Amino acid sequence: MTSAVEHLAWGMGSDASCLKVNESLPKRTLHSAHHVLIEVKAASINPIDYKLARGDFKGMVKGPFPHVVGSDVAGVVVECGAEVTKLKVGDKVYSDAIGHGPLATICSVPSRLVSKMPSNCDFGECVGLPLAGLTAFQALTAQAPGKTIQGKNVLILGGSGGVGTLAIQLAKHCLGAKYVATTSSNVELCKSLGADEVVNYKTDDLVSMMKDKQIDYIFDAVGGIDYWRQGKQILKSKGKFTTISGDHDISLPRSISRVISRKFKSNFGNCNYHFFLTDANAADLDKLTKFVEDGKLKQVTAEKFKGFTTANVTGIFGKLIAGRSKGKLVIEF
């Protein structure tokens, strides 16, 4: 039998009561010759998980209830499809497996999304890296001006979240940024990760502190109109502002409309506005693995939940919805 979290209805309150662990599902099998079957040892969730369950992207979710949920997974390969060549049974792996039901004891995931996990980590120490790490890495490489931040001055908005904690480390220790600033009320954490300067959004004025810093690139891991308005006052001429989140507390169609409008208007100004979605792939995840093994990157864990139970699942989602966790939330099975 397989245990898995099921999403029973639209809506996601702070108690996450729309989610339940079903312990009596049929044993999962390989979905394709290109998949691997993973025995899950740890899982982590991301904001996209509760937004999907809340119904923000109903048009993207196929099939009737119950739905499968989850994104990040770490575990052991127990079966490989006939077309899989780079992985084998017994490999310890991790993946951004969103859409493939990874919040379960067993899941079938396309091998193109799966990488061998860092040799110097256990499952719970690296399971939060895939989605957040890929997002941060791609924001600071493929999405950056000239596809590099080497020698540039970078501002990361939201430095103590799951994406931000990784973005600071990547920018400072892995990708060669000259100067890394960030926003967070957790000043010491961000400095310990490599930030040269931390703007405490509760007490400091972002524009006055950053306007003379010659910022080349802003990576926004928070979202909202206010940071874009401030960013335009901070960036150098022809600088770039990249975000992974639209405006908060409005409908998805309105948020998309605003993002498109912002992007269009920025084409005629001094700063370029850009929104992007993460491209899950094993090639980039392999690069993160190397950074971890070289001691340049680590997962910052806010809290670990022990045991795959409904109480722990609703607890971890409740923490995520509250939005003040410093780093990643993890369930160890």
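On a predicted model such as this, the values are computed, not experimentally measured, just so you know.

Student: Tell me about the sheet that holds strand E14 (residues 271–275), and please be specific about residues and values.
Tutor: An order of E11-E10-E9-E12-E13-E14 is seen for the six strands of this open sheet, with the pairing classed as parallel. Of all the strands in the sheet, the pair left with one neighbour each is strand E11 (197–199) and E14. Neighbour to neighbour, the strand axes of the sheet diverge by 15° on average, direction disregarded. Where strand E13 (residues 235–243) and E14 come together, five bridges link them in parallel fashion. Paired with Lys 240 across the bridge in E14 is Asn 272. Each of strand E9 (153–157) and strand E12 (215–220) touches helix H3 (residues 130–140); the most contacted strand, E12, lies at about 155° to it.

Student: Residues and numbers for helix H9 (residues 282–293), please.
Tutor: The terminal C-alpha atoms of H9, which comprises 12 residues, lie 16 Å apart, in line with the 16 Å expected from a rise of 1.5 Å per residue. Here H9 has its buried residues at Ala 282, Asp 284, Leu 285, Leu 288, Thr 289, Phe 291 and Val 292. Down the axis, H9 shows its buried residues gathered within 165° of arc, on one side only. Where H9 is buried, its residues touch strand E6 (92–96), strand E8 (114–116), H3 and helix H4 (162–174). The N-capping residue of H9, defined by a side-chain oxygen 3.2 Å from the backbone nitrogen of Ala 283, is Asn 281. Gly 295 occupies a position one or two residues after H9 and carries a positive phi of about 80°.

Student: Account for the nonpolar core, with residues named and values stated.
Tutor: If you look at the biggest cluster of nonpolar residues, it comprises 45 residues, and the most contacted ones within it are Leu 140, Ile 149, Leu 170, Phe 219 and Leu 288. Secondary-structure elements contributing two or more residues to this core are strand E5 (72–80), helix H2 (123–126), H3, E9, H4, helix H5 (187–193), E12 and H9. In terms of residue count, H4 provides more of this core than any other element does, seven residues in total. Apart from the residues within four sequence positions on either side, Leu 140 is in contact with Thr 148, Ile 149, Val 154, Ala 167, Leu 170, Ala 171, Leu 175, Tyr 217 and Phe 219. Counting 20 residues, the second largest nonpolar core, distinct from the first, contains Leu 19, Val 21, Ala 43 and Phe 305.

Student: Explain the packing of helix H1 (residues 47–54) against helix H10 (residues 310–322) to me, and be specific about the residues and the numbers.
Tutor: Interhelical geometry of H1 versus H10 gives an angle of 100° and a closest axis separation of 9 Å. With respect to H10, the axis of H1 lies roughly perpendicular. Contacts between H1 and H10 pair Pro 47, Asp 49 and Tyr 50 from the former with Phe 317, Leu 320 and Ile 321 from the latter.

Student: Quick one: what's the story with the pattern of salt bridges, residue by residue and with numbers?
Tutor: In this structure the tally under the stated criterion is 15 salt bridges. Close ionic contact of Arg 258 with Asp 247 constitutes a salt bridge, the shortest N to O distance being 3.0 Å. Of the two residues, Arg 258 sits in helix H8 (residues 252–266) while Asp 247 sits in the loop between E13 and H8, which places them 11 residues apart along the sequence. Judged by relative accessible area, Asp 247 falls into the buried class, the value being 10%. Among the charged side chains, a salt-bridge network with shared partners connects Asp 247, Arg 258 and Arg 262.

Rules used throughout
- Residues numbered from 1 in each chain as written.
- Predicted model: local features only at pLDDT ≥ 70, side-chain atom pairs only at ≥ 80, totals over all residues.
- Heavy atoms only, no water.
- Pairing = 2+ DSSP bridges.
- Helix = DSSP H or I, 4+ residues; strand = E, 2+ residues; numbered from the N terminus.
- Axes fitted to C-alpha atoms, helices over the stretch in contact; angles between N-to-C directions.
- Contact = heavy atoms within 4.5 Å.
- Expected span 1.5 Å × (residues − 1).
- Buried < 20%, exposed > 50% of the residue type's maximum accessible area, 1.4 Å probe, protein only.
- Arc of directions from axis to C-beta.
- Polar contact = N/O pair within 3.5 Å; in protein donor to acceptor, adjacent residues only side chain to side chain.
- Core = buried A, V, L, I, M, F, W, Y, C linked by side-chain atoms within 4.5 Å.
- Parallel < 35°, antiparallel > 145°, perpendicular 65-115°, else oblique.
- Salt bridge = Lys/Arg side-chain N within 4 Å of Asp/Glu carboxyl O.

Remember that the coordinates give geometry; whether it matters functionally is a separate question.
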